[in-house]
Each structure stands twice: as C-alpha cells, then as structure tokens.
Protein chains: 2
Amino acid sequence: MHKLIAVTPEEFRNDYGIDARVLHEVTEIDLKNRRVLVRSLAEKKEWWEAYDHLMIATGAVPVRPALPGADARGIYGLHSLESGIRVRTAVDTENPKKAVVIGGGYIGLEMAEALIMRGLDVSLVEQAGEVMNTLDPDMGALVSDALLKVGVKLFRGETFEGAEVSDGCVRAVVTNNRTIPADIVILGLGVRPNTELAGRAGIALGVRKAVKVNDRMQTETPGVWAAGDCAESFHLVSRRPVHIALGTIANKQGRVAGINLGGGYATFPGVLGTAVSKICDVEVARTGLQEKEIHAIGLEYVIGRIESSTRASYYPHAGKITVKALAEKGSGRLLGAQIVGVEGAAKRIDIFATALHAGFTVETMINLDLSYAPPYSNVWDPVHLAARRAAAALAGRS
Amino acid sequence: MHKLIAVTPEEFRNDYGIDARVLHEVTEIDLKNRRVLVRSLAEKKEWWEAYDHLMIATGAVPVRPALPGADARGIYGLHSLESGIRVRTAVDTENPKKAVVIGGGYIGLEMAEALIMRGLDVSLVEQAGEVMNTLDPDMGALVSDALLKVGVKLFRGETFEGAEVSDGCVRAVVTNNRTIPADIVILGLGVRPNTELAGRAGIALGVRKAVKVNDRMQTETPGVWAAGDCAESFHLVSRRPVHIALGTIANKQGRVAGINLGGGYATFPGVLGTAVSKICDVEVARTGLQEKEIHAIGLEYVIGRIESSTRASYYPHAGKITVKALAEKGSGRLLGAQIVGVEGAAKRIDIFATALHAGFTVETMINLDLSYAPPYSNVWDPVHLAARRAAAALAGRS
C-alpha cells in the first residue's frame, strides 16, 4: 500500500516544507475575509484560518443513487485507496461468491476483471447498449464480447433500480428487467465534482458543477484557484468546457496551478479525454470526440475503421487490433479515435492524441513517420491504415 | 516464407492487372528515346522496351568492403529474402559454432540476437564506440550492455580489416586489434542506393548517390520517377535531403509515386528517420536528429534525459525505460528523441515522431493529453518526464 501513496504528509513537510494537514476538514469558505473554517477531526476543534491564496482541490465523489437498499452493507463505491482496501478485505474475509458490478465504465470493468480473477461469479449491469460508453457502440461491443469471453454475465440496456436487503446486508440487485443475487455489489457509476463547499461560498461553478477556471487555473474569484477532478477543463476539439475526471488531467492542472501560485507563469491548454484501460487480455483506448459528441456540437464526420494486426502478420503473437478514426467532413481534420485490441494495441492512442493537439488532418497522418519493426507492427501501422480509410471516405471512395 | 511475400507476380497480374516480370533485368535506360534495354534471365534474350513513364525502384545494395577474404564462403550479406534463407540454411546444415557479426546497426543486432538464440557463440565487431550509432553514444551504451548481458562478445572501436580463409571458406575475422575465429560471418555494414543504372543514364543523383526527387517523387528527368531505398528523402527537422533506407519510407514514397503516376495528386512531405528494434528483451527506438546531426547543421540544443518505468512503478512487470529528448536552445523546439527500455518502452517513439511532424516545443509536449493506466505508465508518461527535463534545461534549471 505504501507504494500507492505518491507523497506522505511527512515527505511534504520534510522535503517540500509544506504543512499538509490530513484529518482536517474545511467546512466553510469566507471569500470576503479571505479565511476558511477548519475542523480538526482528531481533536474535535474548529477555527478560522486566513489565506492569501486559496487552492480548491476537493476532487470528485462517486455517484451514489438514492435508490431502495443502495446504502446496504456489501455495496461499495470506489473512489479512494481506503475504499479499495475495504472491498479487498470484504473479498478476503467474507468469502462472497456472487458479485454484481453496476456500470460498465473504467472502474466497473477493472473491478469486474479483478473479481473474475479472484474466482467470483460476476454479473455486470450497464444502462447503455454496450459497456464503455466513452467509445462508440460498435467499438464498445468489442469490449462487451471480451467480457463475455472471460465469463462475466452481461446485462446491457438494463437500469439499476435498487437492492434487496436482509439483516442490513445486500442479497440481490434489482434492475428494470430482473433480480440478480449478490453477495457483494460494486458501484461504478462515475463521479461528480466535489464542489458543494466551493459553490456554497459563491465561487463560480460551470459545466456539471465543476469549478470554473481559466487557463492558469484561476477561478472567477481573485486569489482562489482550483485544479483536478473538482475543476473544469477546456476540450481541445469541441472547444467547450468539459468535466473529465482523470488523474492525467488532475496532475497537469495541479502542476500549472502550482507554478502560478508560486509566482511563475504557466497555462494549461486543455484536454482530449484520452484514456486507456486493460480488461483481462483486451486493451481499450480512446481520445478526442466520439460520434455522439460530434453530433452534439453539430459537426459532420466520416469514419475510418480498420482491423489489422498488433505485430507484423507473420510475427509470433500477432493479434487483432481494431482502430476507428473520426474525421471532419470537408476539412479532413481528425476529431477522435478509438482502439480495441490485444496486448500492444492501446498505447497507439497517444499518436492520435498528439495528432489532435496538432490539429492534423487524416491525410497528414498517412505520412507520419512512425516506427516499424516486425515485433511492433506491419510497415503501415494500424494508425496509418485507419487514417487512409478515413481519407478514402472523405474522397468518397469508402 | 509465403507469408513474407507481400504480393506475388500472379497476384499482381490477377488482382491489379500489373505485368510484374521477375527474372528480368534492365541493363540500360535510353532517356532520349524513352526506352529501356531488358534482358530475360531465363531465356537469355535482350530487347528494347518503350515507356511513357519510367519508375526507378531499384532499392539499395548492402555495403560489401573490398577487403582480403571478404568474398569467401561463409560470409553473408543480408538484403533480400533469399539472402536470409541462405544464412538460415547454412546454420541448419553446416552446424557453425562461432559466428562473427560485422556492424552494430539494426541488421547486425537482429542477426546477433537470432544467432545467440540458435545457440551459437556470437562476436560483434563495431567500428564506433557503441553499437547502434543512430543513437547518441550514451543511449547506444545501454544497447551494448544489453548485448553483453545476453552473451554477445562485443568488440567496440575495432575496424574490420579482412578475413582469414582456407579452402575458400572463412576461418576468422581480422580487426585492427585481434583475430576472431569464425565459422560464419554476417556483414551488417549498411546499404547504399542501387543507382548505378540510373546514374549511367544521366538521371540526376543527390545525397549518397540516391536519385534526386521532388515531393511528388519526380526525378529531374521528365517522365521518370523514383521511390524507395534508391531515392532521396527530405528530412523534416534538418530540412535537407537525406538517404534513409527504411521500409516505412519506401512504402510511403511508393504510394505517393503510384498516385501521381496513376494521374492523381499526392506529395510526400518528408521523413524523420524514425526506427525501432528489439534485441532480446531490450527495445530501442529513435526519431529525428541525434546529437552529432544537430552539431552538423550548426544548431544548439539542450538534453532532457530521464529514467522511468514502463508501467506504474507498483504494477507487476514494470521495468526500466530511458528516454532522451533533444530540444533546440532558445525556441525549445523538439529536435529528436531516443528510447531504450524493456517490453512496452519503444513504441512511445511515435509520440515524439508525431510531435516532430507538428513542430512542437518540449514545453507544449508537457501538456500532451496522453493515455494513462497502471499497466501502461505512471500518470506522467516517460515522454512527459523527458519533455519536462528538457524544458527545465532550457530554463537553466537542469
């Protein structure tokens, strides 16, 4: 567990001269007088602490629906190291046989994998037609197939409506369609910005009630900054504010806020929602806009979707990779990409992410001088092939 | 072997309507009368064949030094499928015990790996101070170490001066420093453009006697085109013509030439010399300019070199990765990058390659929205860390 903690309070104090007070809660922000009301959870006392600069880094909290039985024993959300340890302890000591995971996003799928590997009988309930709804449904279907293949029971297009409880413990999950017996339930329903405190103080909130920030991570209140899962980001493709709770974004925003707070100058240009996940033998990755997001902002697009090989086709352990690139009609500008495949497939998403930062067209991507050797790809990388397919679609040759 | 042939003459004829005549040699090009002198190797006859457009795709030939004994039996160059099969047959049937590889580039190292895995005693002779001289010496040293670790005997800074021969067969390799007993010798001394025919006809040659071409792959002679290992490329960072013989470049040039020859319009913007290789458990990759190339064009640069982990540090099978980024002094523009590491390390070079196409600074690269999950990287990818280190060096904080 120690290896999972990036910096301890002691290291903060000794290495950086930062007084990191854990087990202290801020219950009120007084913007007018530039002070916060602090409560020590250990000593049960409370006092006002003055600030010159205030940094809001309150993160996000898991969505926990107010449904019958949803707070029963045996139902777990996952949002902190402690909550992960709690699930692991329950699996170790209570010997659950049947697990139900609610939600087929990154957390839900990674928990389904972990529980399958621990030998549990795992069911997964997903409201949408396919898991991983940050992918388009045709790509999500490949992930659904992979889950079925490792033995996860999949209930797609079903809504979580509550839990059956006896003696305070969960016994089953109820959907709009069926009742699934459960000894342990994992909620993977996503997170929302933890901004109740900031909002109450009058700090401006934006999309999904995330704290509004500029490129320097300043809020609209002088002297108040925000970064991480509680803050907005600017989406580099849609050119709109978004709330995407990912550690990659949080770290970069934190660095920029820190440089500015420390008297330096840095800006955070924005995000693409790049993400990668591994579920058993299947790798999944995405970046930029997916089809429904492109629709939502009123753009039109073509699709370049190809199947290829993670290594040269004749090379040992070559496996399947599906790459989908989305390009703007007319301009040919890359809008987003998705990858599903076996080992070695997913990290290619970073090529698309870098191309999105550059504003490249798919035509330009055809000539990217990417690396090739038989253990890594065919001479034309799957990324090239998807770009070529999209370029052909633009030219009406699809 | 069939899987290694991309397209057979029959497939050319049946699927594409192309009359691909193998075992025919062109011995003369008559530019004035737009015709070539063709010799059928099977039928021993010769005739003039007219053309409207002529495509020069004569590839490259391995460098074979005119040294005493260099043409003895048991000394092999590697440049075609047949030459590979010849080496394999020799290893299978003649039971050689001691192999000497001359040259520590991609071919030399991949052959050293193959021969070590076949159980031979392998020595490698390299003229430079470290193998893989498309990397800077500090990065090449990591590859040299990896070779020593798998049991290759390494003779660095030694020059191949000839072979000892008896009964027409090689018995030993002679360097400026020692004599190394050898049952089989592999020449991995690189290639040169195969342009004797084109040059004799008066088609303009450029750098390293590669055929001069414009962005559409036209030579300076109307109606004559060239692509592949026989042709020049434009280097996107040095902005000079270069000759880099790689399959990735050849394929892209061929596509562009084909589109133009077919009446379409396409241009090939240029190359970065991106390459990747795997030697046993070590992955090696490079793109853009290395230090000596930057010196040669008179630019100044800073170095961002870091060691990190191929996966999250706590994740099983996390291993070492060294990334070196070179950035222009003043502007901060990325000039090149090199990677040496264990499984999962090398394909990251494509992020740098894409960033070079975009002309990004290392400061811009710090905020690239790259993918993260524990099986693939730390939250800050090694690419980010190298960019941060280079940016710090630019700011005088290295």
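Structure's up top.
Residues numbered from 1 in each chain as written. Chains lettered and ligands numbered in written order. Predicted model: local features only at pLDDT ≥ 70, side-chain atom pairs only at ≥ 80, totals over all residues. Heavy atoms only, no water.

**Q** Just to check I follow, could you spell out the packing of aromatic side chains for this structure?
**A** Centre distance and the angle of the planes are the two values used to describe a pair of aromatic rings. Applying the stated rule across the entire model yields 2 aromatic pairs over all chains. On the basis of an interplanar angle of 55° and a centroid distance of 6.1 Å, the ring pair of A:Phe12 and A:Tyr16 is categorised as tilted. Residue A:Phe12 and its partner A:Tyr16 are located together in helix α1 (residues 9–16), separated by 4 residues, close to a single helical turn. Of the residues examined, A:Phe12 reaches a relative accessible area of 28% and is grouped as partly exposed. One residue, B:Arg35, lies across the ring of B:Trp48, its end atom 3.9 Å from the ring centre. (Phe/Tyr/Trp six-rings, centres within 6.5 Å; stacked < 30°, edge-to-face > 60°. Helix = DSSP H or I, 4+ residues; strand = E, 2+ residues; numbered from the N terminus. Buried < 20%, exposed > 50% of the residue type's maximum accessible area, 1.4 Å probe, protein only. Lys NZ or Arg CZ within 6 Å of the ring centre and 35° of its normal.)

**Q** Honestly, the relation of the copies chain B and chain A in this entry has me stumped. Any pointers?
**A** Put simply, the two copies of the chain differ by a rotation about an axis and a shift along that axis. Of the transformation placing chain B onto chain A, the axial shift is 0.0 Å and the rotation is 180°, giving an RMSD of 0.0 Å. In the structure described here, the two chain copies are related by an operation that fits a two-fold rotation axis. (Least-squares fit on C-alpha atoms with pLDDT ≥ 70 in both.)

**Q** Before we go on, may I ask you to explain the nonpolar core in this structure?
**A** One recurring pattern in soluble globular proteins: nonpolar side chains tend to sit buried together. Of all hydrophobic cores here, the largest spans 43 residues; its most connected members are B:Val323, B:Leu334, B:Ile339, B:Phe352, B:Val362 and B:Met365. Secondary-structure elements contributing two or more residues to this core are β20 (301–309), β21 (320–328), β22 (334–341), α8 (349–358), α9 (362–366) and α10 (382–394) of chain B. Setting aside residues up to four positions removed in sequence, B:Ile339 forms contacts with B:Met139, B:Glu283, B:Val284, B:Ala285, B:Ile321, B:Thr322, B:Val323, B:Ala345, B:Ala346, B:Arg348, B:Ile349 and B:Phe352. Among the nonpolar cores identified, the runner-up in size contains 42 residues, and A:Ala325, A:Ala346, A:Ile349 and A:Ala391 belong to it. (Core = buried A, V, L, I, M, F, W, Y, C linked by side-chain atoms within 4.5 Å. Contact = heavy atoms within 4.5 Å.)

**Q** Sorry, what's going on with a nonpolar patch on the surface here?
**A** All names here are of chain A. A cluster of nonpolar side chains, contributed by Val22, Leu23 and Leu41, occupies part of the molecular surface with about 280 Å² of accessible area. Structurally, the position occupied by Val22 is in the loop between α1 and β1 (24–30). Note on Val22: relative accessible area 52%, which makes it exposed. (Patch = residues over 30% accessible without salt bridge, like charges linked within 9 Å, V, L, I, M, F, W, Y side chains within 5 Å. Areas by Shrake-Rupley, 256 points an atom, 1.4 Å probe, with all protein chains shown as cover. Salt bridge = Lys/Arg side-chain N within 4 Å of Asp/Glu carboxyl O.)

**Q** Just to check I follow, could you spell out helix α6 (residues 247–261) of chain A for this structure?
**A** Residues and elements named next belong to chain A. Compared with the 21 Å implied by 1.5 Å per residue over 15 residues, the 20 Å span of α6 between its first and last C-alpha is a close match. Buried within α6 are the following residues: Thr248, Ile249, Lys252, Gln253, Arg255, Val256, Ala257 and Asn260. With its phi angle positive at about 95°, Gly263 sits one or two positions after the end of α6. (Expected span 1.5 Å × (residues − 1).)

**Q** I keep staring at the pattern of salt bridges and nothing clicks. Help me out?
**A** Where charged atoms of side chains with opposite charge meet at close range, the side chains can pair. One pass over the full model with this rule turns up 52 salt bridges over all chains. With a shortest N-O distance of 3.5 Å, B:Arg21 and B:Glu49 are connected by a salt bridge. Pair noted here: B:Arg21 is in the loop between α1 (9–16) and β1 (24–30) and B:Glu49 is in strand β3 (residues 45–50), with a separation of 28 residues, a long-range link. For B:Glu25, the salt bridge goes to B:Arg39, with nearest N and O atoms at 3.1 Å. Highlighted residues: B:Glu25 in strand β1 and B:Arg39 in strand β2 (residues 35–40), separated in sequence by 14 residues. The structure contains a network of salt bridges with shared partners spanning A:Asp136, A:Asp138, A:Glu291, A:Arg305 and A:Lys324.

**Q** Looking at this model, I keep getting lost on the sheet that holds β21(B). Mind explaining?
**A** Two modes of strand pairing occur in sheets, parallel and antiparallel, and in both the strands are linked by backbone hydrogen bonds. All names here are of chain B. Pairing in this open sheet of 5 strands is antiparallel, and the strands run β18-β19-β22-β21-β20 from one edge to the other. Single-partner strands in this sheet number two, and they are β18 (275–279) and β20. For this sheet, the mean inter-axis angle between neighbouring strands, taken without regard to orientation, is 10°. With respect to the sheet, α8 is in contact with β19 (282–288), β21 and β22, its orientation differing from that of β22 by roughly 175°. Sheet strands touched by α10: β20 and β21. Its angle to β20, the strand with the most contacts, is close to 145°. (Pairing = 2+ DSSP bridges. Axes fitted to C-alpha atoms, helices over the stretch in contact; angles between N-to-C directions.)

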